[in-house]
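Spelled out, the chains give:
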Amino acid sequence: MDLYLNILSVVLLGLVAGLLMALWWQLRDWKASVREAPLLAETMAEQLMAARRGLEELKKNLVAHGPELSGLLSEGGKVRVELQFLLQRAEQLAAKLEAGQPPRRGEVVAMVEEVAGANGKAVQLSEPSHDPLEDLLAGLQQKPDNVTPMRKPGRKRMGPVTQAELELQQKVAG
C-alpha cells in the first residue's frame, strides 16, 4: 500500500510541477506584454488621433459639399419619380394597345400633372402639345386609305400594298 501512496505522491508532485511550469510560462508572457503595453498605448493614441482628424475632414467636406449633395439627391428623387411615371404610363399604353383601345390625351395630361405635383414642379399644359408617340400610336390604330386589305395565304400578290411601294416600283421601272 505504501508503494501506491508513493506513486500517487510522485504523480501529484509531477502535476504540481507541470502547473508551476505553465504558470511560469504565463508570467513570462505577461511580463513581455507589460513591456509592450506603453508602445501599444502610444500606437492606439496615434490611431485615435488619425481617426479624429479623418472625422474632422469628413465634417468639413460635408459642410462644404452638403448643400450640393442635397440638391443632387432631391433632383435624383425627382428623376426617379418621373421614371416610375414613364414606366407606369408605358405599361398602361401597352395594355391599351393590346386591348385595341386608342390612347386619350386627357389621361396623359392628368398623369403629367400628377407627376408634376409629386415633384413640386409647376407644369402648364394649357396649350395642347402633340406627343409624337401618341400620334404614331393613334395613326397605327386607324385603318389607312392607301393599304389594301390582307389576302389569304397561298394567293399571289396582285400589286403594291402601299403608296410608298407603288412609288418605289415606278422609280425602279424608270
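These figures come from a predicted structure and were not determined experimentally.

A. Region of the structure containing the overall build of the chain. Summing up its helical and strand segments, the chain has four helices and zero strands in all. In the chain, the succession of helices and strands from N to C terminus is α-α-α-α. Burial statistics for the chain: of 174 residues in total, 7% are counted as buried. Of the contacts formed within the chain by residues at least 6 apart in sequence, a portion of 45% connects residues at least 24 apart. For the chain, the computed accessible surface area is about 15100 Å², with 64% contributed by carbon and sulfur atoms.

B. Quick look at the confidence of the model for the chain. Residues of the chain with pLDDT of at least 70 account for 64%, and the chain-wide mean is 77. Considering each helix and strand of the chain separately, the mean pLDDT is smallest for helix α2 (residues 105–119), with a value of 61, and largest for helix α1 (residues 2–99), with 90. Taken together, the stretch residues 122–128 has pLDDT below 50 and engages in six contacts with residues farther than four places along the chain or on a different chain.

C. Geometry of the packing of aromatic side chains. A full pass over the atoms with the stated rule returns one aromatic pair. Taking the centre distance of 5.3 Å and the plane angle of 70° together, the rings of W24 and W25 count as edge-to-face. The exposure class assigned to W24 is partly exposed, which follows from its relative accessible area of 46%. For W25, a relative accessible area of 40% gives the class partly exposed.

D. Representation of α1 in the model. In this model, α1 (98 residues) spans only 106 Å end to end at C-alpha, well below the 146 Å of a helix rising 1.5 Å per residue. For α1, the principal kink sits at H65 and spans about 55°; a proline, P67, occurs within the next four residues. All of the buried residues along α1 are F85, R89, L93 and K96. Of the residues flanking the end of α1, it is G100, one or two places downstream, whose phi is positive at about 85°.

E. Highlighting the pattern of salt bridges. Within the structure shown, the criterion is met by one salt bridge. In this structure, K78 engages E75 in a salt bridge whose closest nitrogen and oxygen atoms are separated by 3.9 Å. One end of the pair is K78 and the other is E75, both in helix α1 and three residues apart, which spans about a single turn. Looking at K78, the relative accessible area reads 25%, which means it is partly exposed.

Basis of the calculations
Residues numbered from 1 in each chain as written. Predicted model: local features only at pLDDT ≥ 70, side-chain atom pairs only at ≥ 80, totals over all residues. Heavy atoms only, no water. Helix = DSSP H or I, 4+ residues; strand = E, 2+ residues; numbered from the N terminus. Buried < 20%, exposed > 50% of the residue type's maximum accessible area, 1.4 Å probe, protein only. Contact = heavy atoms within 4.5 Å. Areas by Shrake-Rupley, 256 points an atom, 1.4 Å probe, with all protein chains shown as cover. pLDDT = per-residue confidence, 0-100. Phe/Tyr/Trp six-rings, centres within 6.5 Å; stacked < 30°, edge-to-face > 60°. Expected span 1.5 Å × (residues − 1). Bend = angle between axes of the 7 residues up to and from the residue. Salt bridge = Lys/Arg side-chain N within 4 Å of Asp/Glu carboxyl O.

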